[in-house]
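Structure assessment
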Amino acid sequence: MKSNRMIIAVFSLMVIGSMLLAACGAAGSGKTKVGLSFSDFAVERWKNEEVLMRKLLEEKGYEVISQEANHDVKLQNDQIDNMVAQGVKGLIVIAEDGAAAATAVDKAAAAGVKVLAYDRLIKTKNIAAYLSFDNVEVGRQEALGVMTALGLPGSTTWTKDNPAKIFMSGGSPTDNNAVLVRQGQMEVIQPYIDEGVITIVADQWVPNWDEAEAQKIMENVLTAQQNKIDAVIASNDGTALGELEALGGQGLAGKVPISGQDATAASCNSIVKGEQTVTVYKDIRLLSPKAVEMMDTLLKGQTISGLQEYSLKVLTGEDLEGNIQALFLPVQQVTKDNVYELIVKSGFQPYEDVYRDIPEDQRPPKP
Ligand code: BGC
């Protein structure tokens, strides 16, 4: 009788224990698991953000699983499914393809996983939140930097009879950021097009934001236009550097204004050398901690404050149903004039990288 009661008591304790472990979401370490899903590590920023988010999540007591999809849309979805199967309670996703990722993200959300669309929109209302920079402003600042370098407004060189010939170089067509960036670029240049002082002679988007691909596209544009290109509105630093390779091949690097974004070490170096004209500074040292804070709030079952509601229609320009909660951090234009202040002094990029190959006597003092 007594031993029967003992058995029942021990059994009950075992059941309660396993229920508690299941509730924690991690039978192994006892820690709640968070998954990070990256489109690729080809672009400088993503690896840095992985390191930062992993560190901050681990400091908060989470177990982190991280996967990188090498630009493979199907692989990214499989990796997301797999992380859900491993019991992650939260997912931070940098989508290769905002439409395709929705399939895996919808399944994850249905399983109760909180999904944060990081930097890039995932086209489903089932994300818990979307955190990015102001991508439309990125486009505006890129175009403004290039227009200023062309002397617009007020140029006497560029007139209705002699409009500046512009190559528009979009980002990856499957990344909604590329669309938002283009929206900002067009806002700035449309009045000049209407006035007739600039004209778009070529417009192409670069699959995967790939640098080598961008170089090839630029080579073809230069051939088709017999090198008559007066400016390039490029959408990020990687593609700008690929295009600068092509421009350099024709003796045009440093002569044709060209934009980018991310303030990568290589592009900041190109800016101080007078080749790339402008980049846009997006401080990932603010974005990554914000994402971790948001994920932590979600996993504690609390509501994130400071978000704003947007319709998927407005964010994508597509006929999509539903609204999402989003936050966009500010961005800043970087040129030769402020790269030292904004990028070097703030420690965003190392002094040695930004002034690589610049003679000692032409460098500013080390901060
Ligand atoms: C990001 C950019 C990045 C690009 C390529 C975009 O979604 O906003 O910062 O350069 O992807 O990875």
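As a reminder, the structure under discussion sits directly above these lines.
Note that residues are indexed from 1 along each chain, following the sequence as it is written. Per-residue local features of the predicted model are confined to residues with pLDDT of at least 70, and side-chain atom pairs are confined, for both listing and counting, to 80 or more; whole-chain, interface and lining totals are unaffected and use all residues. Water and hydrogen atoms were dropped before computing side-chain values, which therefore reflect all heavy atoms in the structure.

Some details on the pattern of salt bridges
When a carboxyl oxygen of Asp or Glu lies within 4 Å of a side-chain nitrogen of Lys or Arg, that pair is called a salt bridge. Throughout the structure, instances matching the rule amount to 24 salt bridges. A salt bridge links Arg 140 to Glu 137; its shortest N-O distance comes to 2.4 Å. You can see Arg 140 and its partner Glu 137 sitting in helix H5 (residues 135-149), 3 residues apart, about one turn around the helix. Asp 319 serves as the salt-bridge partner of Lys 313, at 3.7 Å between the closest nitrogen and oxygen. Strands are runs of DSSP state E lasting at least 2 residues, helices are runs of H or I lasting at least 4, and numbering of each runs from the N terminus.

Comments concerning the site of the ligand
If a single non-hydrogen atom of a residue is within 4 Å of a molecule or strand, that residue counts as near it. Every residue lining the ligand is accounted for by Val 43, Arg 45, Trp 46, Asp 119, Arg 120, Asp 175, Asn 177, Trp 209, Asn 236, Gln 261, Asp 262 and Lys 282. Pairs of N or O atoms are called polar contacts if they sit within 3.5 Å, as long as, within protein, a hydrogen donor faces a hydrogen acceptor (for residues adjacent in sequence, only side-chain-to-side-chain pairs). Separating an oxygen atom of the ligand from a side-chain N or O atom of Asn 177 is a distance of 2.9 Å. Asn 236 places a side-chain nitrogen or oxygen 2.9 Å from an oxygen atom of the ligand. Protein coverage of the free-state accessible area of the ligand, which is 310 Å², stands at 100%. Here a cavity denotes grid points, spaced 1 Å and computed from the protein atoms alone, that fit a 1.4 Å probe unable to get out, and a pocket denotes an open set having protein on both sides within 12 Å along at least 5 of 7 lines; residues with an atom within 4 Å of a point are the lining. Whether a molecule sits in a cavity or pocket is decided by its atoms, more than half of which must lie within 2 Å of the grid points. With respect to the pocket detection grid, the ligand is positioned in the largest cavity. For the shell around the ligand, the class distribution of residues is 3 nonpolar, 3 polar and 6 charged. When residues of the shell around the ligand are assigned to domains, at least three fall in each of domain 1 (31-127 + 284-328) and domain 2 (135-282 + 337-362). Per-residue accessibility takes into account occlusion by the displayed protein chains alone, with areas from the Shrake-Rupley method and a 1.4 Å probe. Note on residue classes: Ala, Val, Leu, Ile, Met, Phe, Trp, Tyr, Cys and Pro are nonpolar, Asp, Glu, Lys and Arg are charged, and everything else, Gly too, is polar. Reported domain spans reflect what an automatic or database domain assignment gives.

A look at helix H3 (residues 73-85)
Multiplying one less than the number of residues by 1.5 Å gives the expected span of a helix. For H3, which comprises 13 residues, the first-to-last C-alpha distance of 19 Å matches the rise-based estimate of 18 Å (1.5 Å per residue) to within 8%. Of the positions making up H3, those classed as buried are Gln 76, Asn 77, Gln 79, Ile 80 and Met 83. Along the long axis of H3, the arc covered by the buried residues comes to 160°, so they all point the same way. For H3, the exposed residues set more than 90 degrees away from the buried face come down to Lys 74 and Ala 85. In this structure, the buried residues of H3 make contact with strand S1 (33-38), strand S2 (63-68), strand S3 (90-93) and helix H4 (101-110). Two or three places before Lys 74, at the start of H3, stands the capping residue Asp 72, its side-chain oxygen 3.1 Å from that residue's backbone nitrogen. Here's how the labels work: a residue is buried when its accessible area is under 20% of the maximum for its type, exposed when over 50%, partly exposed in between, all with a 1.4 Å probe on protein chains only. The arc in question is the one spanned by the directions pointing from the helix axis to the C-beta atoms. It only takes one pair of heavy atoms within 4.5 Å for two residues to be counted as in contact.

A short note on the nonpolar core
To qualify as a nonpolar core, a set must consist of buried Ala, Val, Leu, Ile, Met, Phe, Trp, Tyr and Cys residues joined through side-chain atoms within 4.5 Å. Met 53, Leu 57, Ile 92, Leu 116 and Tyr 118 are the most contacted members of the largest nonpolar core, which totals 30 residues. Only S1, helix H2 (44-59), strand S4 (114-118), strand S5 (129-133), helix H10 (284-299) and strand S11 (323-329) provide two or more residues apiece to this core. When residues in this core are grouped by element, the largest group, 6 residues, is from H10. Viewed by domain, this core spans two of them, domain 1 (31-127 + 284-328) and domain 2 (135-282 + 337-362), each represented by three or more residues. In terms of nonpolar packing, the next biggest core, distinct from the first, is built from 25 residues, Ile 80, Val 93, Ala 95 and Ile 122 among them.

Quick notes on empty space enclosed by the protein
Over the atoms, a rolled probe matching the size of one water molecule traces out where space is still vacant. Grid points are joined across faces, edges and corners, and a volume is the space filled by probe spheres set on the points. Within the structure shown, the criterion is met by 1 cavity of 30 Å³ or more. The space that makes up the largest cavity amounts to roughly 120 Å³. In this structure, the largest cavity is lined by 13 residues; those nearest its centre are Arg 45, Trp 46, Arg 120, Trp 209 and Gln 261. Within the lining of the largest cavity, the residues separate by chemical class into 3 nonpolar, 4 polar and 6 charged. A domain split of the lining of the largest cavity shows at least three residues from each of domain 1 (31-127 + 284-328) and domain 2 (135-282 + 337-362).

With respect to the pairing of S1
Summarising burial for S1: 6 of the 6 residues are buried, a large majority. Neither face of S1 is open: one carries Lys 33, Gly 35 and Ser 37, the other Val 34, Leu 36 and Phe 38, and all of them are buried. Strands pair, by our definition, only if DSSP identifies at least two bridges between them. With 6 bridges connecting them, S1 and S2 associate as parallel partners. Paired with Lys 33 across the two strands is Glu 63, which belongs to S2. Taken together, the 4 bridges between S1 and S3 define a ladder with parallel strand orientation. Of the residues in S3, the one forming a bridge with Gly 35 is Leu 91.

Take it as geometry only, folks, not as evidence of what the structure does.
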